[in-house]
Amino acid sequence: MIATLLVTVPFEFTGLPAFSYIAGGFVICGLAAFAPQMRRSRVAFLLIGLLLTALAIAVLPDWDEAILRALKQASFIAALFCALTAIRTAAASSPAIIECGRFLSNQAPGKRYLALTIGGHLFGLILLYGSISLLGGLATESAREAPSAYVRKHRVRRMLVAIQRGFASTLVWSPLSFSLAITLSVVPGASWAGVLPVATVGVVLLILTGWGLDTIFKPRPSGQPSPSQDSSSRTWLHHLRPLITLLAVVFASAAAVHFAFGVWVFGAVMALVPLIAVVWVALQAGRDHPAAAIRDSVSDFATREIPGLNGELVLLSMAGFIGTLGSALATPLIEGAGINLGAVPAVLLLISVFWLIPLTGQIGMNPILAVSLIGPLLPSPEALGIAPVAMVFAITSGWALSGVTSPFTASVLLVASYGGVSPAHVAWRWNGGYVLTVGILVSLLLSALVMP
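Fair warning: this is a prediction, and the values are worked out from it, not measured in the lab.

The secondary structure content of the protein chain amounts to 22 helices and 0 strands. The C-alpha radius of gyration of the protein chain comes to 22 Å, within 12% of the 22 Å expected for a compact globule of 452 residues. Each principal axis of the C-alpha atoms in the protein chain carries an extent, and together these give about 70 × 55 × 45 Å. The long-range share in the protein chain, meaning contacts at least 24 apart out of those at least 6 apart in sequence, stands at 79%. Surface accessibility of the protein chain: about 19300 Å² in total, with carbon and sulfur atoms responsible for 67%. Taken together, the 24 basic and 16 acidic charged side chains of the protein chain have centroids lying 15 Å from each other.

Next comes the structure, spelled out in structure tokens:
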């Protein structure tokens, strides 16, 4: 899988098909090597992929091209996963980053929800759902100081959903997220830079909606003493400086390579973040044997981190493969049935796609699988007479809502484990009102983007 990353990077910079073919071969080898260690649910994904491959060979005249496209998607996902795991591992083990999280968790009640939402967003950019693991552990630790079981219960709930919603809001715009990477690959004419203005509005909407609902509906027990809070006179900027510095380096360098060389932003991310992770490890070691720290970190990454995440890596890679190949198989069936999605009004189509992604999450469909399957079936934005950004925003916003409502996603499962409740309880008891409110607001925003 690491070899897949090393070959995918030159493909992103050169576009030479040979690199893509080699990366596809490496990802097949990686999947085969992981297969004996997999749970049955993960092996099922491999078997479905093999079944679809046989079906494609049997019924598609251009089956070789369809399979190569699916392998390209799988290798891209595997490569991006390895790159992001490198920076996540380096940051999550940093004492300075952990202190940033502790500062956010110790905020006063009036600031805590917004602080943890913003913190969940900032940490989520680097750590992905690892931000929930880090901040969730610190939040539950902080909640132990609550004066009563009642206060502790509600404080844990509010802190965890704040972190989760902050992480989910990154899925709308982050160049380090699978949501935008997959969406941009299936929407013709879309670019990261073109999406940013509308995505920024979407992030503000997601964050402020959560904060507003928390402010309106938070419990107000009487007679309870004020909880402890961070009494440091230092500014937020001082406390969050390590995290902000790391984010600034990652985004500035990725943007510079993206605009200077014209390479896809995710190709720039794949090339740069492992190098930044190595530099970060060296800086954390200081003068105390940085070379040894880098050697140990790289060895641990290759022999423990990636193998330890083999189930997730197989799930994500195969979701991309199955979705892409499944879409190729479904296209002639839809055309043969006379279904013309281009005849559907653009606003209705986008709102339907937006709601479909969280709905498919309720039956366990990974958003990567859903978007890889649905995206290629949609008419192009040009055919619908809309800007590509509207379609991208519809898909990524639906992906964000799936991240807080699907009982099968990693973020919901993590929050449920820290909160001591079931995933379904987190998805609909804790986030149901938030999802419905955000869903209505996003639907209105999509209407505004599409309507002349």
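This brings us to the packing of aromatic side chains. Per the counting criterion, the structure on display carries 5 aromatic pairs. With a centroid separation of 5.5 Å and an interplanar angle of 20°, the aromatic rings of Trp 173 and Phe 251 are classed as stacked. Placement of the pair is Trp 173 in the loop between α8 (149–170) and α9 (178–186) and Phe 251 in helix α12 (residues 241–261), with a sequence separation of 78 residues. With respect to class, Trp 173 is no different from Phe 251; both count as buried. Grouped by ring-pair contacts, the aromatic residues Phe 76, Trp 264 and Phe 266 constitute a single cluster. Above the plane of the ring of Tyr 129 lies Arg 88, whose end atom (NZ or CZ) is 5.4 Å from the centre. A cation sits over an aromatic face here: Arg 165 above Tyr 434, 4.3 Å from the ring centre.

Take the packing of α8 against helix α10 (residues 192–217) next. Two quantities define a packed helix pair, namely the angle between the axes and the distance from one axis to the other. Interaxial distance between α8 and α10 falls to 9 Å at its minimum, and their mutual angle equals 165°. One element, α8, and the other, α10, form an angle in the roughly antiparallel class. With respect to the hand of their crossing, α8 and α10 are arranged in right-handed fashion. Facing α8, whose interface residues are Arg 158, Arg 165 and Ser 169, α10 presents Val 203, Leu 206, Ile 207, Gly 210 and Asp 214.

Tracing the sequence through the fold places Arg 102 in helix α5 (residues 95–105). Taking relative accessible area as the criterion, Arg 102 reaches 27% and is therefore assigned partly exposed. In the structure, Arg 102 is positioned 37 residues away from Ala 139 in sequence and 8.0 Å away in space, judged by C-alpha atoms. Other than its neighbours up to four places away in sequence, Arg 102 contacts Leu 138 and Glu 141.

This part covers the side chain of Asn 431. Within the fold, Asn 431 resides in the loop between α21 (423–430) and α22 (432–450). Within the structure, the side chain of Asn 431 is placed 2.9 Å from the side chain of Gln 164, a separation counted as a polar contact. With residues near it in sequence (within four places) discarded, Asn 431 still touches Val 161, Gln 164, Arg 165, Val 404 and Val 426.

A few words on a nonpolar patch on the surface. Taken together, the side chains of Val 204, Leu 208 and Trp 211 make up a nonpolar region of the molecular surface, amounting to roughly 270 Å² of accessible area. Secondary-structure assignment places Trp 211 in helix α10.

Another point: helix α13 (residues 265–285). With 21 residues, α13 ought to run about 30 Å at 1.5 Å a step, and its terminal C-alpha atoms sit 30 Å apart, in line with that. Along α13, the sharpest change in direction is near 30° and occurs at Leu 272; proline Pro 274 comes one to four residues later. Positive backbone phi, at 65°, marks Gly 286, one or two positions downstream of α13.

Turning to the environment of Asp 300, a few remarks are in order. Counting through the fold element by element, Asp 300 comes out in helix α14 (residues 290–308). Overall, Asp 300 belongs to the partly exposed group, its relative accessible area being 26%. Distance in space between the C-alpha atoms of Asp 300 and Ser 253 is 26 Å, their sequence separation being 47 residues.

Before going further, it helps to spend a moment on the pattern of salt bridges. The tally for this structure, following the rule as stated, stands at 6 salt bridges. The closest approach of N and O atoms between Arg 102 and Glu 99, which form a salt bridge, is 2.7 Å. Here Arg 102 pairs with Glu 99, and both are found in helix α5, just 3 residues apart, close to one helical turn. Look at Glu 99 and you get partly exposed, because its relative accessible area is 44%. Residue Arg 304 pairs with Asp 300 through a salt bridge whose shortest N-O separation is 2.7 Å. Of this pair, Arg 304 and Asp 300 both sit in helix α14, 4 residues apart, roughly one helical turn. One salt-bridge network, held together by shared partners, links Glu 99, Arg 102 and Glu 141.

Leu 80, Phe 123, Ile 126 and Phe 178 are the most contacted members of the largest nonpolar core, which totals 151 residues. Top contributing element to this core by residue count: helix α4 (residues 63–92), with 18 residues. Those residues in contact with Ile 126 that sit more than four places away from it in its chain are Ile 87, Arg 88, Ala 91, Leu 176, Leu 246, Leu 247 and Val 250.

Once that is clear, we can look at helix α17 (residues 367–374). Across the 8 residues that make up α17, a large majority, 7, are buried. Considering only its buried residues, α17 is in contact with α4, α9, α15 (310–336), α16 (346–361) and α19 (388–405).

In this section: unusual backbone geometry. For Leu 128, which is not glycine, the phi torsion reads 55° and is therefore positive. With respect to the helices, strands and loops of the structure, Leu 128 is situated in the loop between α6 (109–127) and α7 (130–143).

Rules used throughout
Residues numbered from 1 in each chain as written. Predicted model: local features only at pLDDT ≥ 70, side-chain atom pairs only at ≥ 80, totals over all residues. Heavy atoms only, no water. Helix = DSSP H or I, 4+ residues; strand = E, 2+ residues; numbered from the N terminus. Rg over C-alpha atoms; globule rule 2.2 N^0.38 Å. Contact = heavy atoms within 4.5 Å. Areas by Shrake-Rupley, 256 points an atom, 1.4 Å probe, with all protein chains shown as cover. Lys, Arg positive; Asp, Glu negative; His and termini not counted. Charge placed at Lys NZ, Arg CZ, Asp CG, Glu CD. Phe/Tyr/Trp six-rings, centres within 6.5 Å; stacked < 30°, edge-to-face > 60°. Buried < 20%, exposed > 50% of the residue type's maximum accessible area, 1.4 Å probe, protein only. Lys NZ or Arg CZ within 6 Å of the ring centre and 35° of its normal. Axes fitted to C-alpha atoms, helices over the stretch in contact; angles between N-to-C directions. Parallel < 35°, antiparallel > 145°, perpendicular 65-115°, else oblique. Left-handed = near helix turned anticlockwise from the far one by under 90°. Polar contact = N/O pair within 3.5 Å; in protein donor to acceptor, adjacent residues only side chain to side chain. Patch = residues over 30% accessible without salt bridge, like charges linked within 9 Å, V, L, I, M, F, W, Y side chains within 5 Å. Salt bridge = Lys/Arg side-chain N within 4 Å of Asp/Glu carboxyl O. Expected span 1.5 Å × (residues − 1). Bend = angle between axes of the 7 residues up to and from the residue. Core = buried A, V, L, I, M, F, W, Y, C linked by side-chain atoms within 4.5 Å.

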